[in-house]
Structure formats: C-alpha cells, structure tokens
Amino acid sequence: MAKKGFSEEQIAKRFNLFKEKYQQLYPEDLWEYIEENFWLYVFQTCAPDVLMQVYTEMGLVHENGDFYAAHISKIKERFNIGCNIIDIGSGIIPSFANKLAYEQLKINKGTITIYEPLLVDAKAKYPNMTIHKEDFTQKTDITKFDLVTGIMPCEATETIIEQACRYQKDFYIAMCGCVHLAMPSYYGSYISPEYYQNYIIDKTKRLIKEFNNGELEIDYLDSNFAIDYPILSNRR
Ligand SMILES: C[S@@+](CC[C@H](N)C(=O)[O-])C[C@H]1O[C@@H](n2cnc3c(N)ncnc32)[C@H](O)[C@@H]1O
C-alpha cells in the first residue's frame, strides 16, 4: 500500500516540515507517540485519529481513499453543506473540520464552528471557521446551527445526540470503537463496543421519535477503511 504519488523520501521531508511547525505545540508524550508510530501507520488506510490528523495536515492521501474525505462525501449525499455546521470532538488538529470548511469555501457558503478542548492550535485555518477550545456540554447553545457533526467524538457522543434531537437539528455522527457508558449498574463489568453502539442506537431511535427529528439512518464506511463502526444520521 502506498500513499498516492509520494515516495518514502518525500513523506520523510514533509514530516520534517510538519515537525518544525507543530512539534512544540503538542504535549511531549503525545509527540513521542506520533514519532514512534508515524511509519507504522503511514501506509494504512486507517490509523489512530491523532496520526490520521498528522497525515491529513501533511497532505498525504492514501491510494484507497481518505478517511475524512469519505465522511465528507457521505455528508454531502445527505445534507447541504452550505449551512452553519457545529463539529464536536474535532481532534487535536481538526482535520475533518478543516476539510469541510475548505469545501464550504469552494461553494462560497456555510460556516463551521468547532468544540474541542485538546486543540494544539486555537487559530482557525479558514475564515469561515470559529474555534472553541472547550468541551461541548448540555449547556452549549446549538440553536443557531443547522447541522451537527462528530467524527468519533468519544465521550461526547451521547450528549451530541441528545442535544441534536432535542433542538431538532440534522446530525451526522460517526461512532468510535470505544465504550463510554456512565451507567452505574455496569460499573466493573466488561462492556463490548457492540453493546455500547447498540445502546447509543436504541437511545437515538427513542430520541429521534420523541423530538420528531426525522428517521434514523445507519451507515458504515467502505470496508477498505477497516472501521466498521456505525454512522448515525437523521433523514427528514
Ligand atoms: C477519537 S478523537 C476524534 C477526533 C477527530 N474527530 C478525528 O476524527 O480526528 C475524540 C475527540 O473528542 C474530544 N472530546 C471528547 N469529549 C468532548 C466534549 N465533551 N466536547 C468536545 N470534544 C470532546 C476529545 O478531546 C478527542 O479529541
């Protein structure tokens, strides 16, 4: 597997440039992780999110497709992206939001606001972006947004879905493979990712009905990405 049109030497050069710009912004232990694992995943279609963000910001596109671009295509099939979007859990580098902002600029329509407490750089990459280096909570005002997105937003997943349904917002949430259950009765016992995903799906079905927010659609990325976690969106 190769990155589209890049030799190892070119990738190494780009990584050095990335290092010069970003290394000092990362927490030391996280930068160590990136250095240690950079070559391990660079030829895979999917990698831990912090590495996918690095590859994306370096402009490396895998010959079998780009993870964030694949999500943007799916969003475009369902929704008009020329609207006011809120993206939650955008990542240490908000690669997905950056790409989506760029797509909006191409059509000269739409804004994207992000909530992510761990951003390494709180400056917006594009003029149509607004950055909140903070947690999204039930108190975050989402009334002015049209579409709520989250790509593997981990522990924010349940709150995002609750708020999107409560305020009748369109949503596109790609789940991750983690388990984030705060149910006391399950404390101490093993909960599989599938159990957690089904719990979120059942809850979304219930909320979408309760708040009259359309129909739930469940989708997956193509198998070449080797990430078979559900993508939840509504269809109105
Ligand atoms: C698995 S990462 C995904 C990052 C990014 N969406 C991507 O795909 O590259 C999950 C992110 O959600 C963020 N997060 C978790 N809870 C959050 C909350 N309540 N509000 C905002 N971000 C949150 C974490 O800081 C982390 O960066």
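Residues take numbers from 1 onward in each chain, read along the sequence in its written order. Given that the model is predicted, a residue must reach a pLDDT of at least 70 before its local features are reported, and side-chain atom pairs must reach 80 or more before they are shown or counted; all residues, however, enter totals for whole chains, interfaces and linings. The side-chain quantities take in all heavy atoms of the structure and omit both hydrogens and water.

**Quick look at helix α2 (residues 28-41)**
Next, step 1: Spanning 14 residues, α2 covers 20 Å between terminal C-alpha atoms, matching the ideal 20 Å at 1.5 Å per step.
Next, step 2: The sharpest bend along α2 comes to roughly 30°, located at Glu35.
Next, step 3: If you check which residues of α2 are buried, you get Leu30, Trp31, Ile34, Asn37 and Phe38.
Next, step 4: When checking whether two residues touch, look at their non-hydrogen atoms; a contact exists if any pair is within 4.5 Å. In this text, helices come from DSSP runs of H or I with a minimum length of four residues, and strands from runs of E with a minimum of two, each type numbered from the N-terminal end. Looking at the buried positions of α2, the neighbouring elements they touch are α1 (8-22) and α3 (49-57). What a helix is expected to span follows from its residue count: subtract one and scale by 1.5 Å. Bend at a residue means the angle formed by two fitted axes: the first through the 7 residues ending at that position, the second through the 7 residues beginning there. Using a 1.4 Å probe on the protein chains alone, a residue whose accessible area is under 20% of its type maximum counts as buried, one over 50% counts as exposed, and one in between counts as partly exposed.

**Details of the sheet that holds strand β6 (residues 215-219)**
Next, step 1: In this analysis, strands are considered paired if DSSP registers two or more bridges between them. With respect to topology, seven strands assemble into an open sheet ordered β3-β2-β1-β4-β5-β7-β6, the strand pairing being mixed. Each end of this open sheet is capped by a strand with a single partner; those strands are β3 (129-132) and β6. Neighbouring strand axes in the sheet, compared pairwise and without regard to direction, differ in orientation by 20° on average.
Next, step 2: As defined by bridge partners, strand β5 (residues 170-174) adjoins strand β7 (residues 231-235) across three bridges and the pair is classed as antiparallel. By the bridge assignment for β7, Ala174 is matched with Ile231.
Next, step 3: Helix axes are fitted to C-alpha atoms over the stretch in contact, other axes to C-alpha atoms as well, and angles between N-to-C directions run from 0 to 180 degrees. Sheet strands touched by helix α5 (residues 95-107): β1 (84-88), β2 (111-115), β3 and β4 (147-151). Its angle to β2, the strand with the most contacts, is close to 170°.

**Considering the site of the ligand**
Next, step 1: Neighbouring residues are identified by heavy atoms, a residue being near a molecule or strand if any of them is within 4 Å of it. Not every one of the 19 residues close to the ligand is listed here, only the nearest: Tyr68, Gly89, Glu116, Phe136 and Ile151.
Next, step 2: Here a polar contact means two N or O atoms within 3.5 Å. Within protein one must be a hydrogen donor candidate and the other an acceptor candidate, and residues neighboring in sequence count only if both atoms are side-chain atoms. In the environment of the ligand, an oxygen atom lies 2.8 Å from a nitrogen or oxygen atom belonging to the side chain of Gln53.
Next, step 3: Here the ligand, which alone exposes 600 Å², has 89% of that area covered by the protein. What sets the accessible areas is the Shrake-Rupley method with a 1.4 Å probe; for residues, cover comes only from the shown protein chains.

**Describing the side chain of Glu162**
Next, step 1: The topology assignment puts Glu162 in helix α6 (residues 157-166).
Next, step 2: Engagement of the side chain of Glu162 in a polar contact is seen with the side chain of Gln138, the distance being 2.6 Å.
Next, step 3: What Glu162 contacts, discounting residues up to four positions off in sequence, is Gln138, Lys203 and Leu207.

**Thoughts on the domain arrangement of the chain**
Next, step 1: A domain assignment, automatic or from a database, supplies the domain bounds used here. Partitioning the chain into structural domains gives domain 1 (8-57) and domain 2 (67-235).
Next, step 2: For domain 1 versus domain 2, the distance between C-alpha centres works out to 24 Å.
Next, step 3: Counting from both sides, the interface comprises 13 residues of domain 1 and, opposite them, 16 residues of domain 2.
Next, step 4: Note on definitions: buried area is the accessible-area loss of two parts on being combined, 1.4 Å probe, summed for both. Summed over both sides, the interface of domain 1 with domain 2 buries roughly 1200 Å², with 67% coming from carbon and sulfur.
Next, step 5: Should a side-chain nitrogen of Lys or Arg be within 4 Å of a carboxyl oxygen of Asp or Glu, the pair is scored as a salt bridge. On the surface where domain 1 and domain 2 come into contact, there are one salt bridge.

**Comments concerning a negative patch on the surface**
Next, step 1: Every patch collects residues that have over 30% relative accessible area and no salt bridge, joining them within 9 Å if they carry like charges and within 5 Å if they are nonpolar side chains (Val, Leu, Ile, Met, Phe, Trp, Tyr). The positive count covers Lys and Arg only, the negative count covers Asp and Glu only, and His and the chain ends enter neither. All charge positions are set by atom: Lys at NZ, Arg at CZ, Asp at CG, Glu at CD. The grouping of Glu28, Asp29, Glu32 and Glu36 at the surface amounts to a negative patch.
Next, step 2: Tracing the chain through its elements places Asp29 in helix α2.
Next, step 3: With relative accessibility at 57%, the residue Asp29 sits in the exposed group.

**So, the nonpolar core**
Next, step 1: Judged by nonpolar contacts, the single largest core of 51 residues is most densely connected at Phe18, Tyr26 and Phe67.
Next, step 2: Residue-level mapping places this core at the junction of two domains, with at least three residues from each of domain 1 (8-57) and domain 2 (67-235).
Next, step 3: Each residue touching Tyr26, except ones within four places of it in the same chain, is listed here: Phe18, Trp31, Ile34, Val54, Ile92, Ile93 and Val120. We define a nonpolar core as any set of buried Ala, Val, Leu, Ile, Met, Phe, Trp, Tyr and Cys residues linked to one another through side-chain atoms lying within 4.5 Å.

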